[in-house]
Amino acid sequence: MQQAILVVNAGSSSIKFSVFEIMSTLSCDCKLIYHGVLEINPEQSNLTISNFEHAKLVQQNIPSNDYTTLFNTLFEWVLSKVSLVAIGHRVVHGGTYFKCPVKVTPHIIEQMEELIPLAPLHQGHNINPIKIIAKIYPQLPQIACFDTSFHYTQNHLAKLFAIPRALTEQGIIRYGFHGLSYEYIASVITQYIGDIGRKRVIVQHLGNGASMCGIYEQKSVASSMGFTALDGLMMGTRCGTIDPGVIIYLIQEKHYSIDQVVDLLYHQSGLIGVSGGLSNDMRQLLNESNTNPHASEAIELFCYRAACEIGSLSVSLGGCDALVFTAGIGEHNPQIRQKICSYLHFQGVELNNEANSQNKNIISTHQSKITVSIIPTDEEYMIAKHVQQLMANPNINY
Ligand code: ADP
């Protein structure tokens, strides 16, 4: 049987997974063979599995939302096809504990659980499958890979908030997120744009969650997300950077409870908030933008804020040689890329409209002072690579 790695990316209502065949242990080479999703609903969950060409192999209803039942069903199928060597998990927050992937132990689980309040939308959901799998398959090594780890290289200033030192010393600093996506882009960028990929690069991860990262010599220099994944860009349902005075006002004058504030900032803001509750899905907003002024304002604000963040990261990098668009919106939408880049003419950005409309890898003109490109991200592959590296060398010091 083929040896393989299972990669798990667990969210609140669904668990995405991928199976990577190990091609070479020596060079830590692996290849996607299956991917799928467990959609979890109160009464009935659904398991879908496809092959690497997206042909559906399994579509099964499971009359349960119990994680043990769901994982037993998933493992039964996976283990009938491959011999699993290890499991890699995406974990959003590594705090100050984890600057690289780690093999999970009960102590590591405790440390990850301490970080749940810092990423309430994700962290608990990321940890649940780890605990269930540790119970049902205790012999299978599990590796946690953190979205914060890539940003460990940022200098001290980039990590600081202007708050009392005592709070900084308690770990209230900027961590940055989407690190597995940025690490993947950094690892492949020279294949797409050549040596310029080692210079001052700003990667825009524009998905439902959105952030940007300034990268130099393939290392993180600064990022738009901070202490939590709320900061920075406007997102699908999150507001991004906001004057903290707004929160104080809502609590003091409008009597918002903490839960209402959390709901407002995480679920009711961003594209869905500005579009007047229409949608957090950029495709729908674009479809309705000609007839609905709230939809078009949401899009305009998204792009304006993105361009402003590019300005900020350009300062952190001391300039910018390349811009990369990635994730759902960044990879697929010419209109949004064009709108963002239209703010950057003063920096010498010139788009090649034809290349942009065709989602080509390089979408800037030859004359453009900044190379603009599209690079599809692959966080799951990055996790599979880390798992292989850690399995091959358990004492690896990143
Ligand atoms: P997540 O952050 O959930 O991983 P994705 O990277 O899959 O998100 O991106 C989801 C977002 O990408 C959604 O807002 C969706 O509307 C948007 N998206 C996907 N394809 C397109 C497209 N062709 N044009 C515009 N937006 C798109």
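Quick summary incoming for the structure in this document. For every chain, the first residue of the written sequence is number 1, and numbering continues from 1 onward in sequence order. Totals for whole chains, interfaces and linings use all residues, but because this is a predicted model, local features are given only for residues with pLDDT of at least 70 and pairs of side-chain atoms are given and counted only at 80 or more. Working from all heavy atoms in the structure, the side-chain values ignore hydrogens and water.

1. A closer look at the pairing of strand 5 (residues 56–62)
Here strand 4 (residues 45–51) pairs with strand 5 via 6 bridges, running antiparallel. The residue of strand 5 that forms the bridge with S50 is K56. Strands were regarded as paired on the criterion that DSSP finds at least two bridges between them. Numbering of helices and strands starts at the N terminus; helices are DSSP runs of H or I of at least 4 residues and strands are runs of E of at least 2. The turn joining strand 4 and strand 5, which pair antiparallel and follow one another in sequence, is formed by 4 residues; a positive phi near 70 degrees is taken by H54.

2. A short note on the state of the cysteines
When two cysteine sulfur atoms lie within 2.5 Å, the pair is treated as a disulfide. A full pass over the atoms with the stated rule returns 0 disulfides. Here C303 is not disulfide-linked; the sulfur of C341 is the nearest cysteine sulfur, at 9.7 Å.

3. Looking at the side chain of N333
You can see N333 is positioned in the loop between helix 12 (327–332) and helix 13 (334–342). Definition of a polar contact: a pair of N or O atoms within 3.5 Å, with one able to donate and the other able to accept a hydrogen when the atoms are protein atoms, and with sequence-neighbouring residues admitted only if both atoms are side-chain atoms. At a separation of 3.1 Å, a polar atom in the side chain of N333 contacts the main-chain amide nitrogen of Q335.

4. Focus: the side chain of E380
Note on placement: E380 falls in helix 15 (residues 379–392). Accessible area is worked out with a 1.4 Å probe on protein chains only. A residue is then buried under 20% of its type maximum, exposed over 50%, and partly exposed in between. Under this rule, positive means Lys or Arg and negative means Asp or Glu; His and the chain ends count for nothing. Salt bridges, as used here, are contacts in which a Lys or Arg side-chain nitrogen is within 4 Å of a carboxyl oxygen on Asp or Glu. Lacking a salt bridge, the buried E380 has R90 as its closest oppositely charged neighbour, with an N-O distance of 5.8 Å. A distance of 3.4 Å separates polar atoms of two side chains, one belonging to E380 and the other to N9. Apart from the residues within four sequence positions on either side, E380 is in contact with V7, N9, S18 and F20. Pairs of residues are marked as contacts when any of their non-hydrogen atoms sit within 4.5 Å.

5. Here we look at the pattern of salt bridges
Applying the stated criterion to the full structure yields 8 salt bridges. The closest approach of N and O atoms between K131 and E113, which form a salt bridge, is 2.6 Å. Pair noted here: K131 is in helix 3 (residues 123–136) and E113 is in helix 2 (residues 106–114), with a separation of 18 residues, a long-range link. In this structure, K339 and E300 form a salt bridge, with 2.7 Å as the shortest nitrogen-oxygen distance. With a gap of 39 residues between them, K339 in helix 13 and E300 in helix 11 (residues 293–317) connect regions that are remote in the sequence.

6. Here we look at the packing of aromatic side chains
Here the aromatic set is Phe, Tyr and Trp, taking the six-membered ring for Trp, and pairing holds for ring centres within 6.5 Å; pairs whose planes are under 30 degrees apart are stacked, those over 60 apart are edge-to-face, and all others are tilted. For the structure shown, the criterion picks out 10 aromatic pairs. An aromatic cluster is defined as three or more aromatic residues linked by ring pairs; in this entry it consists of Y67, F71, F75 and Y137. Two conditions define a charge sitting above a ring: the NZ of Lys or the CZ of Arg must be within 6 Å of the ring centre, and it must be within 35 degrees of the ring normal. Between K31 and the ring centre of F52, over which it is positioned, the NZ or CZ distance is 6.0 Å. Directly above the ring of Y152 sits K159, whose terminal nitrogen or CZ lies 5.1 Å from the centroid.

7. As for the pairing of strand 1 (residues 3–10)
Of all 8 residues making up strand 1, 7 are buried, and the element is well covered by its neighbours. Pairing geometry for strand 1 and strand 6 (residues 83–91), over 6 bridges, is parallel. Each bridged residue has a counterpart across the sheet, and for I5 the counterpart in strand 6 is A86. Bridge count for strand 1 against strand 2 (residues 14–24) is 7 bridges, and the pairing is antiparallel. Paired with A4 across the two strands is E21, which belongs to strand 2. In sequence, strand 1 turns back onto strand 2 through a hairpin of 3 residues.

8. Some details on the nonpolar core
By nonpolar core we mean a set of buried residues, namely Ala, Val, Leu, Ile, Met, Phe, Trp, Tyr and Cys, connected to one another through side-chain atoms within 4.5 Å. Counting 42 residues, the largest nonpolar core has F302, L323, I336 and I340 as the members making the most contacts within it. Counting only elements with at least two residues in this core, the list comes to strand 9 (201–206), strand 10 (210–216), helix 10 (282–288), helix 11, strand 12 (322–326), helix 13 and strand 13 (371–374). A per-element tally of this core places helix 11 first, with 10 residues. Apart from residues no more than four positions distant in its own chain, I336 is found in contact with M282, L286, I299, F302, C303 and I329.

9. Section: the sheet that holds strand 10
Strand order in this open sheet of 5 strands is 11-10-9-12-13, and the pairing throughout is mixed. Bordering the open sheet on either side are strand 11 (219–223) and strand 13, each of which pairs with just one other strand. Ignoring strand direction, the axes of neighbouring strands in this sheet form an average angle of 25 degrees. Bridging between strand 10 and strand 11 involves 4 bridges; their strand directions are antiparallel. In the sheet register, Y216 faces strand 11, and the bridge partner there is K219. Lines are fitted to the C-alpha atoms to define the axes, a helix being fitted only along its stretch in contact, and any angle between axes, read from their N-to-C directions, falls within 0 to 180 degrees.

10. Digging into the site of the ligand
Taken together, G207, N208, G209, N280, D281, M282, R283, A327, G328, I329, H332 and N333 form the complete shell of residues around the ligand. M282 is positioned with one of its backbone polar atoms (N or O) 3.1 Å from an oxygen atom of the ligand. One of the backbone nitrogen or oxygen atoms of I329 is found 3.4 Å away from an oxygen atom of the ligand. Method for areas: the Shrake-Rupley scheme with a 1.4 Å probe, in which residue coverage is limited to the protein chains shown. Taking 580 Å² as the accessible area of the ligand by itself, protein coverage stands at 70%. Those elements giving two or more residues to the shell around the ligand turn out to be helix 10 and helix 12. Each residue gets one of three labels, nonpolar for Ala, Val, Leu, Ile, Met, Phe, Trp, Tyr, Cys and Pro, charged for Asp, Glu, Lys and Arg, and polar for the others, Gly among them. Among the residues forming the shell around the ligand, the class breakdown is 3 nonpolar, 7 polar and 2 charged. Only heavy atoms are used to decide nearness, and a residue is near a molecule or strand if one of them lies within 4 Å of it.

11. Here's the deal with the packing of helix 6 (residues 179–193) against helix 15
In the contact formed by helix 6 and helix 15, the axes pass within 8 Å of each other and the chain directions differ by 80 degrees. The angle between helix 6 and helix 15 places the two elements in the roughly perpendicular class. Residues L180, S181, E183, Y184 and S187 of helix 6 touch helix 15, and the partners they reach there are E379, Y381, M382, I383 and H386. Among the residues making up the contact of helix 6 with helix 15, the classes are represented as 5 nonpolar, 3 polar and 2 charged. Here the angle decides the label: under 35 degrees means roughly parallel, over 145 means roughly antiparallel, 65 to 115 means roughly perpendicular, and every other value means oblique.

12. Overview of unusual backbone geometry
Phi at H255 is positive, roughly 60 degrees, even though this residue is not glycine. In this fold, H255 is placed in the loop between helix 7 (244–252) and helix 8 (258–267). Under the relative-accessibility criterion, H255 is labelled exposed at 63%. Of note in this structure, A327 is not a glycine but carries a positive phi near 70 degrees. For A327, the position within the fold is in helix 12. The exposure class assigned to A327 is buried, which follows from its relative accessible area of 7%.

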